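Observations on the three-dimensional arrangement
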Amino acid sequence: MTSPHHEQTDTVTLPRAELGALRERLGELTDRAEIAELIDRYVTLLDAQDADGYDESWPRTVFTDDCRLEFPVGTVRGLGTAAAFHFDRKSRFARSHHLASNYGIALDGDTARVRVHLFASHVHHDDGPDPGGRFDIGGYSEGETVRTPEGWRISRWRFHLVWSDGAGPRPGPAPTALRSSQPRPRTAPTPRKDDTVSRTSAATVDLGALRTASGEDRLRAIESFVSRTLETYLDVPPAHRVHRDRPLYAQGIDSLTALAFQRKLENALRIPVPTHHLLREQSISELAATLDDLLTHAQRREAAPASV
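Counting starts from 1 at the beginning of each chain's written sequence and moves along it residue by residue. Totals for whole chains, interfaces and linings use every residue, but because this is a predicted model, local features are given only for residues with pLDDT of at least 70 and side-chain atom pairs only at 80 or more, for both listing and counting. The side-chain quantities take in all heavy atoms of the structure and omit both hydrogens and water.

**Quick look at the overall build of the protein chain**
- Looking only at helices and strands, one finds seven helices and six strands in the protein chain.
- Secondary structure is summarised from DSSP: a helix means a run of H or I of at least four residues, a strand means a run of E of at least two, and numbering begins at the N terminus for each. In the protein chain, the order of α-helices and β-strands from amino to carboxyl end is α-β-β-α-β-β-β-β-α-α-α-α-α.
- Throughout, a contact is declared for two residues whenever any of their heavy atoms are within 4.5 Å. Nonlocal contacts in the protein chain, meaning residues at least 24 apart in sequence, comprise 63% of its contacts between residues at least 6 apart.
- Just so you have it, the protein chain exposes about 18,300 Å², and 51% of that area is on carbon and sulfur atoms. Every accessible area reported is derived by Shrake-Rupley at a probe size of 1.4 Å, with residue values counting cover from the shown protein chains alone.

Structure follows, in C-alpha cells:
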C-alpha cells in the first residue's frame, strides 16, 4: 500500500498588513542605502574629481540644481558653480584624503536629513612624497537630500569644523581652465567714516616701539596693524575698508583664514594668540584690546625675576 503523494510548494502567504509593512521597510532600507552611497560618492569625489583634469559634469551626479553648500573656505549657490568651486579649493593642495563615518539619516518621504562625521588630510604642494607636515581637519556635515528622477541628490550641505592641525591652505596654482571662474572681489556697502579704518599697502608693526608705547597709543597701533593684516587676508578691494566694530566672521574671516591670520599676528607680536580669539564674535577693536592684554601679560612675565 503506497502513501498518498503530497505536493510541496514554495509559496508563503502573508497577511496583507504584514506584506505592506515589509514592502515599506524594504523601501526605507533601499533609500538609506542609496543616500549612504550618494554621500560616499561625494566624499570620494572630493579627492578624485580632478583625477583627469577639470570636469564640470560630476556635480550633477551629486547635487540638485538649486543646491547650497557651505564650507569654512566658501559657499556654493547653485549647480553651475559647484565644479569650479571644488576644483579651485582642491588645487590649493597637492593631495587630499577624506573619510566619512557615523551616518545619521532621517527619512521623511522624498526628503531626508543627514549628518556625517568627516576627517580629512591635506598635503601641501611643497611637502614632497612623504610630508612631514599636513593640514588635518575633523568635523561633521549636516544637510538635506531629496529624491529626484535621477536618484537621491544633495540639496543642502554644511561642514562644521570641530578641530584642525597644521598650516592651513596656501594659494594654489591658478588653473588655466578656470580663469573665467575665479572668485571676484567681495563687494560691500559704502562704509561710514566713523566705523572704518584706513587701508595701507603693507601690514607691518614696530615691535620695539609697540612694547614701549602704552595706553591709547599702543591700542591704536595694534588695531591699525590688525586691520591692515585682515585686509590682506580677506583680499579687500581698494575701494572698501574693513569695519572696526563688526564681528570678524561677518567680514569674511573663517576657520581656515583664521589660522593664517593667527600665524601672522604671532610672528609680528611674538606672543601666542589662541585661535578662538579670532573666531569668537569679536570685532577688530575688541581683538586689539585682547592682543594688548596678551602683550602686557607677556611683558610682565619677561620682567619677572626668575625663581631659584
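**Here's the deal with a nonpolar patch on the surface**
- Among the surface-exposed residues, L99, F119, V162 and W163 lie close enough to one another that they form a single nonpolar patch of about 370 Å² accessible area.
- Tracing the backbone through its elements, the reader meets W163 in strand β6 (residues 151–165).
- Burial classification: accessible surface area is computed with a 1.4 Å probe over protein chains only, and a residue below 20% of its type maximum counts as buried, one above 50% as exposed, and the rest as partly exposed. For W163, a relative accessible area of 37% puts it in the partly exposed group. Here the term patch refers to residues with relative accessible area over 30% and no salt bridge, with like charges joined within 9 Å and nonpolar side chains (Val, Leu, Ile, Met, Phe, Trp, Tyr) within 5 Å. A side-chain nitrogen of Lys or Arg and a carboxyl oxygen of Asp or Glu constitute a salt bridge if their distance falls within 4 Å.

**Brief notes about the nonpolar core**
- Among the nonpolar cores identified, the biggest contains 33 residues, and Y42, V62, F63 and W157 are the most heavily contacted of them.
- Elements supplying a minimum of two residues to this core: α1 (16–48), β1 (63–71), α2 (82–90), β4 (111–123), β5 (135–148) and β6.
- A total of eight residues in this core trace back to one element, the largest contributor, which is α1.
- Residues within four places of W157 in sequence aside, it is in contact with I39, Y42, R68, L69, E70, F71, V114, V116, L118, S141, E142 and G143.
- The term nonpolar core refers to a set of buried residues drawn from Ala, Val, Leu, Ile, Met, Phe, Trp, Tyr and Cys, joined through side-chain atoms within 4.5 Å. Counting 18 residues, the second-largest nonpolar core is a separate cluster that includes F225, V226, A268 and A298.

**Description of the pairing of strand β3 (residues 95–108)**
- Only strands joined by at least two bridges in the DSSP assignment are considered to pair. Relative to β4, β3 runs antiparallel, the two sharing 12 bridges. Its bridge partner being in β4, L99 is matched across the sheet by F119.
- Hairpin connection from β3 to β4: two residues lie between these consecutive antiparallel strands, with G109 at a positive phi of about 70°.

**Some points on α2**
- Within α2, nine of the nine residues are buried, which leaves the element mostly enclosed by the surrounding structure.
- Residues of α2 that are buried include every one of A82, A83, A84, F85, H86, F87, D88, R89 and K90, and no others.
- Each element contacted by the buried residues of α2 is listed here: α1, β1, β2 (74–77) and β3.

**So, α1**
- The terminal C-alpha atoms of α1 lie 47 Å apart, and with 33 residues this matches the ideal 48 Å at 1.5 Å per residue to within 8%.
- Its buried side turned inward, α1 meets β1, α2, β3, β4, β5 and β6. Multiplying 1.5 Å by the residue count of a helix minus one yields the expected span of that helix.

**Some points on unusual backbone geometry**
- The backbone of N102 sits at a positive phi, close to 55°, despite the residue not being glycine.
- Position of N102 relative to the elements: it lies in strand β3.
- Residue R270 is not a glycine yet carries a positive backbone phi of 60°.
- Position of R270 among the secondary structure elements: in the loop between α5 (255–269) and α6 (276–279).

Worth remembering: the numbers are spatial, not functional.
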